[in-house]
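Topology and contacts: notes
Next come the chains, spelled out residue by residue.
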Amino acid sequence: MILHAVYCAIRPEVSQAGIAVVFSKLEALVDQCEGLHSFEAGPNIDLEKKSQGFTHGFVMRFSSRAALEAYATHPAHLLAAGALVDICAGGAEGIMVFDLDLPPAP
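Now for a quick tour of the structure. Numbers given for residues are sequential positions, taken from 1 along each chain in its written order. Local features are withheld for residues below a pLDDT of 70 in this predicted model, meaning they are given only at 70 or higher, and side-chain atom pairs are given and counted only at 80 or more; totals for whole chains, interfaces and linings count all residues. Side-chain measures here rest on the full set of heavy atoms in the structure, leaving out hydrogens and waters.

1. Details of the overall build of the chain
For clarity, the cut-off: A helix here means a DSSP run of H or I that spans at least four residues, while a strand means a run of E at least two residues long, and both kinds are numbered starting from the N terminus. For a compact globule the rule gives 2.2 Å times the number of residues to the power 0.38, and the radius of gyration it is set against comes from C-alpha atoms. Note on classification: 1.4 Å probe, protein chains only; a residue is buried when its accessible area is under 20% of the maximum for its type, exposed when over 50%, partly exposed between these limits. For this analysis, residues touch if any pair of their heavy atoms sits within 4.5 Å. Throughout, the Shrake-Rupley method with a 1.4 Å probe supplies accessible areas, and for residues the shown protein chains are the sole cover considered. Asp and Glu count as negative and Lys and Arg as positive, but His and the ends of the chain are not part of the count. Here the site of a charge means atom NZ of a Lys, CZ of an Arg, CG of an Asp or CD of a Glu.
When helices and strands are tallied, the chain shows three helices and four strands. Each helix and strand of the chain, placed in order from N terminus to C terminus, yields the pattern β-α-β-β-α-α-β. For 106 residues, the compact-globule estimate of 2.2 N^0.38 gives 13 Å, and the chain sits close to it at 14 Å. The buried share of the chain, reckoned over its 106 residues, is 36%. Within the chain, contacts between residues separated by at least 24 positions form 74% of all contacts whose residues are at least 6 apart in sequence. In the structure as shown, the chain presents an accessible area of about 6400 Å², 61% of it carried by carbon and sulfur atoms. Considering the chain, the positive charge centre built from 6 side chains and the negative charge centre built from 12 side chains are found 6 Å apart.

2. Brief notes about the pattern of salt bridges
Here is the rule we go by: Should a side-chain nitrogen of Lys or Arg be within 4 Å of a carboxyl oxygen of Asp or Glu, the pair is scored as a salt bridge.
Enumeration according to the criterion identifies three salt bridges in this entry. The salt bridge involving Arg61 is made with Glu40; its shortest N-O contact spans 2.6 Å. Placement of the pair is Arg61 in strand S3 (residues 56-62) and Glu40 in strand S2 (residues 36-43), with a sequence separation of 21 residues. The partly exposed category is assigned to Arg61, whose relative accessible area is 29%. The residue Arg65 makes a salt bridge to Asp101 at a minimum N-O spacing of 3.0 Å. Within this pair, whereas Arg65 is found in helix H2 (residues 65-73), its partner Asp101 is found in strand S4 (residues 95-101), the two being separated by 36 residues in sequence. No difference in accessibility class separates Arg65 from Asp101, as the two residues are exposed.

3. What about the layout of surface pockets?
One water molecule sets the probe size; rolling that probe over the atoms shows where empty space is left. As a reminder of what qualifies: The way it works is a 1 Å grid over only the protein atoms, where trapped points that fit a 1.4 Å probe form a cavity and open points with protein on both sides within 12 Å along at least five of seven lines form a pocket, and then any residue with an atom within 4 Å of a point lines it. Grid points are joined across faces, edges and corners, and a volume is the space filled by probe spheres set on the points. For this scheme, ten residues count as nonpolar: Ala, Val, Leu, Ile, Met, Phe, Trp, Tyr, Cys and Pro. Four count as charged, namely Asp, Glu, Lys and Arg, and the remainder, Gly too, count as polar.
When its volume is computed, the largest pocket comes out at roughly 170 Å³. Along the wall of the largest pocket there are 14 residues; nearest its centre are His4, Val6, Tyr71, His77 and Val97. At the level of elements, strand S1 (2-8), H2, helix H3 (75-87) and S4 are the ones that each hand at least two residues to the lining of the largest pocket. By residue number, the principal contributor to the lining of the largest pocket is H3, which donates four residues. Among the residues making up the lining of the largest pocket, the classes are represented as eleven nonpolar, two polar and one charged.

Function-wise, these values are silent; they only describe arrangement.
Here's what the structure looks like:
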């Protein structure tokens, strides 16, 4: 399984409703991209004060590296990703992606 973790530095003037719209576009990809099994998102509570301005994040679970690679070029993903870039500080510079190749759950 691939855990696709995305951290976002949302611009302060973007409303909670605006963030919700973008996250709902990303969540809709679960039904559109083969091998994408789940989407979870929320604000960063930053308990350790080590988040470097990343205010929100989401994780997606993919069945395989091939499914993640197909998602990367899927037209619906490209549209949703563009909406995310639009609300992040510095555009794409306000997004960090971390992909973990995890063993199957026991």
